[in-house]
Amino acid sequence: MSVTARQALTIFALFLAASFSQGLRAQTPSPLQEWQYSGGIILARLFQPDLPTYRTIVGLAADYQPAYDGSRAYHLEGGPVISAYYKDAAFISTGDGIGYNFLRGDHYQVGASVTYDLGRKMTLDYANLHGMGNVQAAPVGKVFATWVLSRKLPLILRVDARQFAGGSQGAIGDISIYTPLPGSSRGFVMFAGPSIELATRHYMQVLYGVTPLQSEASGHPVYTVTHNGTAAAGVGFSATKFVGSHWLLNLDAAYNQIRGSPAHSPLMERTHQHVAVLSMEYQF
């Protein structure tokens, strides 16, 4: 691929990242990989220094995924997609919340955002969750850093950490590596890459542990998470088809394996999970 073609590809990859079709469930635990919320945004400044001052994308999306982490039941949801950017500095989106990149350069970004978690209601799967109580919705603070290896090899490394202010109350973090795929072009862009998720003991205990009181009410055996560790690992795939100069058709898919202490929880019905999200959007 020529340098000019590669530059065109990665510039258009920016719009893939802005799709945020996964914003339907935002930062609620999901088999989608965390990097899929930000995608190729980091490549924009590397290949297009004169970014537009404002960018806005709106659309509709539908997703098919587990009712909650570890659920055997799947369901279909739909909702809006909204993303707005000020240069490569500030953003508001249904997928990544409200944030600001306070350190940014051609090959890196470091920032913070506030997003949300929808929690987990017993009514999602009453047969399995009755007696466990609800995990309340809560705001989530996130810090993140993204680094691109080089222009010739746009391999992207992303790390993040999220602290829950209520709800599950603990913290989780992700380490991801992803890249544009061969076969991408000006009109069709693809990304793929793996990710691993780490979590604090408290976070895993709230979501996957069973206290004596919960055991008495639910019939599940008592289960205690005793240490921090790996919570999940998986791989994600994202693709965007450009239709004309303003419309985007996006597909996001991911496979996730719940691991470590959560995988042995009596609440766990299925450790291997997947998700698919399809959206149609218009960029201004």
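Residues numbered from 1 in each chain as written. Predicted model: local features only at pLDDT ≥ 70, side-chain atom pairs only at ≥ 80, totals over all residues. Heavy atoms only, no water.

Describing the nonpolar core
- Formed by 17 residues in total, the largest nonpolar core has its most connected members in Ala199, Tyr203 and Met204.
- Element by element, the count of residues in this core is highest for helix α4 (residues 201–208), at 4 residues.
- If sequence neighbours within four positions are ignored, alanine 199 has contacts with Ala171, Ile172, Met204, Asn228, Gly229 and Ala231.
- Core analysis: the next-biggest nonpolar cluster, separate from the first, contains 8 residues, Trp35, Phe191, Phe242 and Leu248 among them. (Core = buried A, V, L, I, M, F, W, Y, C linked by side-chain atoms within 4.5 Å. Buried < 20%, exposed > 50% of the residue type's maximum accessible area, 1.4 Å probe, protein only. Helix = DSSP H or I, 4+ residues; strand = E, 2+ residues; numbered from the N terminus. Contact = heavy atoms within 4.5 Å.)

Side note on the sheet that holds strand β12 (residues 272–283)
- Spatially, β1-β2-β3-β4-β5-β6-β7-β8-β9-β10-β11-β12 is the arrangement adopted by the 12 strands of the closed barrel, whose pairing is antiparallel. Adjacent strand axes in the sheet meet at a mean angle of 20° when their direction is disregarded. (Pairing = 2+ DSSP bridges. Axes fitted to C-alpha atoms, helices over the stretch in contact; angles between N-to-C directions.)

Comments concerning the packing of aromatic side chains
- Throughout the structure, instances matching the rule amount to 7 aromatic pairs.
- Look at phenylalanine 91 and phenylalanine 144: their rings are 6.4 Å apart centre to centre, the planes differ by 50°, and that puts the pair in the tilted class. Placement of the pair is phenylalanine 91 in strand β3 (residues 90–93) and phenylalanine 144 in strand β6 (residues 138–148), with a sequence separation of 53 residues.
- Members of the aromatic cluster, joined through ring pairs, are Trp247, Tyr282 and Phe284. (Phe/Tyr/Trp six-rings, centres within 6.5 Å; stacked < 30°, edge-to-face > 60°.)

Some details on the environment of histidine 227
- Relative to the assigned elements, histidine 227 resides in the loop between α5 (212–218) and β10 (229–243).
- As a C-alpha pair, histidine 227 and methionine 204 span 23 residues in sequence and 9.1 Å in three-dimensional space.
- Contacts of histidine 227, omitting those with residues within four sequence positions, involve Arg201, Met204 and Ser261.
- A distance of 3.0 Å separates polar atoms of two side chains, one belonging to histidine 227 and the other to threonine 226. (Polar contact = N/O pair within 3.5 Å; in protein donor to acceptor, adjacent residues only side chain to side chain.)

Regarding the pattern of salt bridges
- Under the defined criterion, the tally for this structure stands at 8 salt bridges.
- As a salt-bridge pair, aspartate 96 and lysine 142 come within 2.7 Å of each other at their nearest N and O atoms. Of this pair, aspartate 96 sits in the loop between β3 and β4 (97–104) while lysine 142 is found in strand β6, placing the two residues 46 residues apart along the sequence. By the burial criterion, aspartate 96 is buried, and lysine 142 matches it.
- As a salt-bridge pair, arginine 162 and aspartate 160 come within 3.1 Å of each other at their nearest N and O atoms. Grouping residues by exposure puts arginine 162 and aspartate 160 together as buried.
- Linked by salt bridges that have partners in common, Glu34, Asp96, Lys142 and Arg158 make up one network. (Salt bridge = Lys/Arg side-chain N within 4 Å of Asp/Glu carboxyl O.)

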